[in-house]
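Residues per chain, in single letters:
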Amino acid sequence: MSKRALITGITGQDGSYLAEHLLEQGYEVWGMVRGQANPHVARLRKHIGDIHLTTGDLLDQGSLISAIERVQPDEVYNLGAISYVPMSWQQAELTAEVTGMGVLRMLEAIRVVSGVGQSRTPGPGQIRFYQASSSEMFGMVRETPQNEKTPFHPRSPYGVAKAYGHYITQNYRESYGMFAVSGILFNHESPRRGAEFVTRKVSLGVARIKLGLADELRMGNLDARRDWGFAGDYARAMRLMLAQDTPEDYVIGTGQTRSVRELVELAFSTVGLNWRDYVVQDPRFTRPAEVDLLCADPKKAREQLGWEPEVGFEELVAMMVESDLRLLSSSSRPEDEPLSPDHW
Ligand code: NAP
Ligand code: F7E
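Quick look at the structure, then. All figures in this text were calculated on a predicted structure; none of them were measured in a lab.

**Details of the nonpolar core**
- Core analysis: the biggest nonpolar cluster contains 39 residues, and Ile-7, Tyr-77, Tyr-130, Met-241 and Ile-252 have the highest contact counts within it.
- It is helix α8 (residues 231–242) that provides the largest number of residues to this core, a total of eight residues.
- Setting aside anything within four residues of it in sequence, one finds Ile-252 in contact with Ile-184, Leu-185, Phe-186, Tyr-234, Ala-237, Met-241, Ala-301, Leu-305 and Trp-307.
- Grouped together as the second largest cluster of nonpolar side chains are 25 residues, Trp-30, Val-71, Val-103 and Tyr-172 included.

Here it is as C-alpha cells:
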C-alpha cells in the first residue's frame, strides 16, 4: 500500500518540489488549496499532473477537519503560510493567524479526527505531522552557526508567528504523544521561487538587464547574510524527518553563509556584467528590523537523516539566472503577462 500525504501550501515553491519528490517515492499525493478559482492551482496542475486536490484554508478550522476526514492521510506537511517577511509588518495580524494559529488549527484537526486526547494516545498508524519552521526564528542570532538548541530571537511578525508554530508543534508532541516534527529550514531557492524574494528578484533583474529590458536593479540591504540552498534538496529532508522512528526537530541548511552583495556580484558575473554598473540601493527595500546573519549547523540532519545538500550556491544562482533568461526570451510569453511566481 502506498502512503498518502496531504500538503498544505502545495501551490508554493516548496509544495511543488515536495509533491514531485513524494510522487517519485510512490506516495499518493493530495494538496490542500484555498480560495475560489485560485490561479495558482492551474499552474500546479499544468506542471504536476498526478495529484489530488481538496479544499481548505488555514484560517478555517472546520475546513481543515473536513480535509483530514476526506483524505485520511498517513502524513501531513504543513507548508501553507504567509511567507514574505516584509508583508508580515504590513499585515501582522493576518500573518499571526495564518502562519502561527494555522499550525494549531491543523494540529487540532489531526487530533480531533484521530480521536486523540488526554485519555487516548495515538496508535502505531497515527498521522505524522511536519511543520515548516524557519531560520527566521533565530533572528538576532545568539551564536553562529545556529543549531537545534540555539535560542530564538525573532525580528519580524513572521518570525514570531513561526516561533509559535514551532512551540505548538513540540507541545502537541509532548502533550498527546503525536508524531509531530518541526523542520527549521534556512533559505532555499529555485527557479520557482516567488519574484518578491531576493534571489529571484536578482535573477530576474539580471536577465532583464542582459536582454536590454531594464537598465538598473533597485535593492535593499546588501550586507545581510543568508545560508542559501536549493529547494529540491530541502524537500528530501522533509520526507526523511517523517520517516524516522521517533519525532524530533532538525535544522536544515548548507552551513555556508553569503551576503546579498556576493549574491548580486555572482549573478551579474554569470552573464558577463559588473553589478556595480546596475545596482542602486533604495531605502524602500530595507526592513524595520533586519536579520543580519544566518548560517546553519546541519550536523544533526547529516548524522541522523543522512541528508546532504546536492546543489551548491554557484550552481543554484546559475540555474536561476539561466531559467529567467529563457523565460524572458520566450516568444510564447504574452507581453502583458506579469513576471510573478506564476512563471515556473
Ligand atoms: P510560498 O511559495 O510563499 O508558498 C506559500 C503557500 O502558502 C502557498 O501555496 C499559498 O497558497 C499558501 N497559503 C497562503 N495562505 C494560506 C491559507 N490561509 N491557507 C492555506 N494555505 C495558504 O512559500 P515556500 O517558499 O514554498 O515555503 C513553504 C513553507 O516553508 C512556508 O510555510 C514558509 O514560511 C516556510 N519556509 C520557507 C523557507 C524558504 O526559504 N522558502 C524557509 C523556511 C521556512 P495560495 O496559492 O493559496 O496563495
Ligand atoms: O530576503 C535582503 C533582505 O526576502 C533575504 C522566506 O522564505 O527565508 C525567506 O525570508 C535578505 C534579507 O528572504 C532586498 O533584507 C536586500 O536580509 O529573500 P528574502 P528572507 O527574509 O530571509 C526565510 C528562511 C523564510 O522562512 C521566509 O519565509 O535579502 N534584501 N535587498 C532584500 N530582500 C528582498 N526580498 N528584496 C530586496 O530588494
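**Structural notes on the site of ligand 2**
- Of all residues adjacent to ligand 2, which total 22 residues, the nearest are Ser-83, Ser-134, Tyr-158, Arg-287 and Glu-290.
- Here Ser-134 contributes a side-chain N or O atom positioned 2.6 Å from an oxygen atom of ligand 2.
- About the coverage of ligand 2: the protein hides 96% of its 710 Å² of free accessible area.
- In the shell around ligand 2, the residues fall into nine nonpolar, six polar and seven charged.

**Focus: the environment of Ser-175**
- The residue Ser-175 is located in helix α6 (residues 157–176) in this model.
- On a C-alpha basis, the gap between Ser-175 and Gln-118 in space is 7.9 Å, while along the polypeptide they are 57 residues apart.

**Side note on the pattern of salt bridges**
- Under the defined criterion, the tally for this structure stands at 20 salt bridges.
- Among the salt bridges present, the one from Glu-314 reaches Arg-258, with a minimum N-O distance of 3.4 Å. Of this pair, Glu-314 sits in helix α11 (residues 313–329) while Arg-258 sits in strand β12 (residues 258–259), and the two are 56 residues apart along the sequence.
- Using a relative accessible area of 44% as the deciding quantity, one classes Glu-314 as partly exposed.
- Judged by its relative accessible area of 17%, Arg-258 falls in the buried class.
- Arg-284 is paired through a salt bridge with Asp-282; the nearest N and O atoms lie 2.9 Å apart.
- Arg-284 sits in the exposed class, given a relative accessible area of 61%.
- Exposure remark for Asp-282: the relative accessible area of 7% places this residue in the buried category.
- Taken together, the shared-partner salt bridges connect Glu-216, Arg-218, Asp-282 and Arg-284 into one network.

Rules of the game
- Residues numbered from 1 in each chain as written.
- Chains lettered and ligands numbered in written order.
- Predicted model: local features only at pLDDT ≥ 70, side-chain atom pairs only at ≥ 80, totals over all residues.
- Heavy atoms only, no water.
- Core = buried A, V, L, I, M, F, W, Y, C linked by side-chain atoms within 4.5 Å.
- Buried < 20%, exposed > 50% of the residue type's maximum accessible area, 1.4 Å probe, protein only.
- Helix = DSSP H or I, 4+ residues; strand = E, 2+ residues; numbered from the N terminus.
- Contact = heavy atoms within 4.5 Å.
- Near = heavy atom within 4 Å.
- Polar contact = N/O pair within 3.5 Å; in protein donor to acceptor, adjacent residues only side chain to side chain.
- Areas by Shrake-Rupley, 256 points an atom, 1.4 Å probe, with all protein chains shown as cover.
- Nonpolar A, V, L, I, M, F, W, Y, C, P; charged D, E, K, R; others polar.
- Salt bridge = Lys/Arg side-chain N within 4 Å of Asp/Glu carboxyl O.

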